Amino acid sequence: METIEKSVEVLNDLIEINNDRIAGFEHASKDLGEGDADLKAIFEKFSSDSRKNVQELTAAVNQLGGEADNTHSASGSIHRAWLDVKATFTGHDRKSVLAECERGEDAIKKAYKDALTPESGLSVQNEQIIARQQEGIIAAHDQIKFLRDRQAE
């Protein structure tokens with residue numbers, strides 16, 4: 001029973017951070033100007049990917065007999081508030097927005113890495129789901145980092 005409860009907790013943590021990611025990218029899109037349609041499209045794709053992750057993780061929680069926690073984490077709310085404050089002082093330029101998005105991607109990368117530790121108690125099936133989702137998270141992080149670094153040039 002303890003293993004199931006721990007697995008549900010780990011899966012719910014990933015649901016929360018994916019919800020934070022969706023909200024973060026939606027927020028970041030609003031901070032961009034009309035000339036940033038390319039970034040808005042990328043952010044929408046990453047939001048869509050996280051919505052799919054949430055659906056898959058919710059199904060995994062339900063399969064374990066748990067209840068999916070479809071909320072946002074406190075740290076995600078704090079991060080969005082920080083984006084608002086920072087935007088007031090630095091403006092809404094691409095580099096600033098991308099730097100903040102990279103910070104968010106660092107957080108979700110860490111959450112997925114932590115979820116795949118032996119202590120998580122996940123079944124092989126759920127580990128496979130998370131590992132596959134993690135690949136997309138890492139690729140998205142790397143793309144955001146590349147775009148941010150390119151702004152410095």
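Before going into details, it helps to say that this report is about the structure given with it. (Residues numbered from 1 in each chain as written. Predicted model: local features only at pLDDT ≥ 70, side-chain atom pairs only at ≥ 80, totals over all residues. Heavy atoms only, no water.)

1. Here we look at the overall build of the chain
For step 1, the next point in the chain: Within the chain, the secondary structure is distributed over 5 helices and 0 strands.
For step 2, the next point in the chain: Ordered by position in the sequence, the α and β elements of the chain form the string α-α-α-α-α.
For step 3, the next point in the chain: Counting every position in the chain, which comprises 153 residues, the buried fraction comes to 42%.
For step 4, the next point in the chain: In the chain, 80% of the contacts between residues at least 6 apart in sequence involve partners at least 24 apart.
For step 5, the next point in the chain: Roughly 8,300 Å² of accessible area belongs to the chain as shown, and the carbon and sulfur atoms make up 54% of that amount. (Helix = DSSP H or I, 4+ residues; strand = E, 2+ residues; numbered from the N terminus. Buried < 20%, exposed > 50% of the residue type's maximum accessible area, 1.4 Å probe, protein only. Contact = heavy atoms within 4.5 Å. Areas by Shrake-Rupley, 256 points an atom, 1.4 Å probe, with all protein chains shown as cover.)

2. Observations concerning the packing of aromatic side chains
For step 1, the next point in the chain: By the definition in use, this model includes 2 aromatic pairs.
For step 2, the next point in the chain: Between the aromatic rings of Phe-25 and Phe-43, the centroid separation amounts to 5.1 Å while the plane-to-plane angle is 35°, which identifies the pairing as tilted. Taken together, the residues Phe-25 in helix H1 (residues 2-30) and Phe-43 in helix H2 (residues 37-63) connect sequence positions 18 residues apart. The two residues Phe-25 and Phe-43 agree in class, both being buried.
For step 3, the next point in the chain: An aromatic cluster of three or more residues is present, and its members are Phe-25, Phe-43 and Phe-46. (Phe/Tyr/Trp six-rings, centres within 6.5 Å; stacked < 30°, edge-to-face > 60°.)

3. Some points on the pattern of salt bridges
For step 1, the next point in the chain: Evaluation of the coordinates by the stated rule reveals 12 salt bridges.
For step 2, the next point in the chain: The partner of Arg-51 in a salt bridge is Glu-44, and the shortest N-O contact between them spans 2.8 Å.
For step 3, the next point in the chain: Judged by its relative accessible area of 32%, Arg-51 falls in the partly exposed class.
For step 4, the next point in the chain: The exposure class of Glu-44 is partly exposed, given its relative accessible area of 41%.
For step 5, the next point in the chain: Among the ionic contacts, a cluster of salt bridges with common partners joins Glu-102, Lys-145, Arg-148 and Asp-149. (Salt bridge = Lys/Arg side-chain N within 4 Å of Asp/Glu carboxyl O.)

4. Some words on the packing of H2 against helix H4 (residues 94-115)
For step 1, the next point in the chain: Interhelical geometry of H2 versus H4 gives an angle of 20° and a closest axis separation of 13 Å. As far as their axial angle goes, H4 and H2 are roughly parallel. The element H2 and its partner H4 pack so that their crossing is left-handed. For the pair H2 and H4, the contacting residues are Asp-38, Leu-39, Phe-43, Asn-53 and Leu-57 in the first and Arg-94, Val-97, Leu-98, Cys-101 and Tyr-112 in the second.
For step 2, the next point in the chain: Split by residue class, the contact of H2 with H4 holds 7 nonpolar, 1 polar and 2 charged. (Axes fitted to C-alpha atoms, helices over the stretch in contact; angles between N-to-C directions. Parallel < 35°, antiparallel > 145°, perpendicular 65-115°, else oblique. Left-handed = near helix turned anticlockwise from the far one by under 90°. Nonpolar A, V, L, I, M, F, W, Y, C, P; charged D, E, K, R; others polar.)

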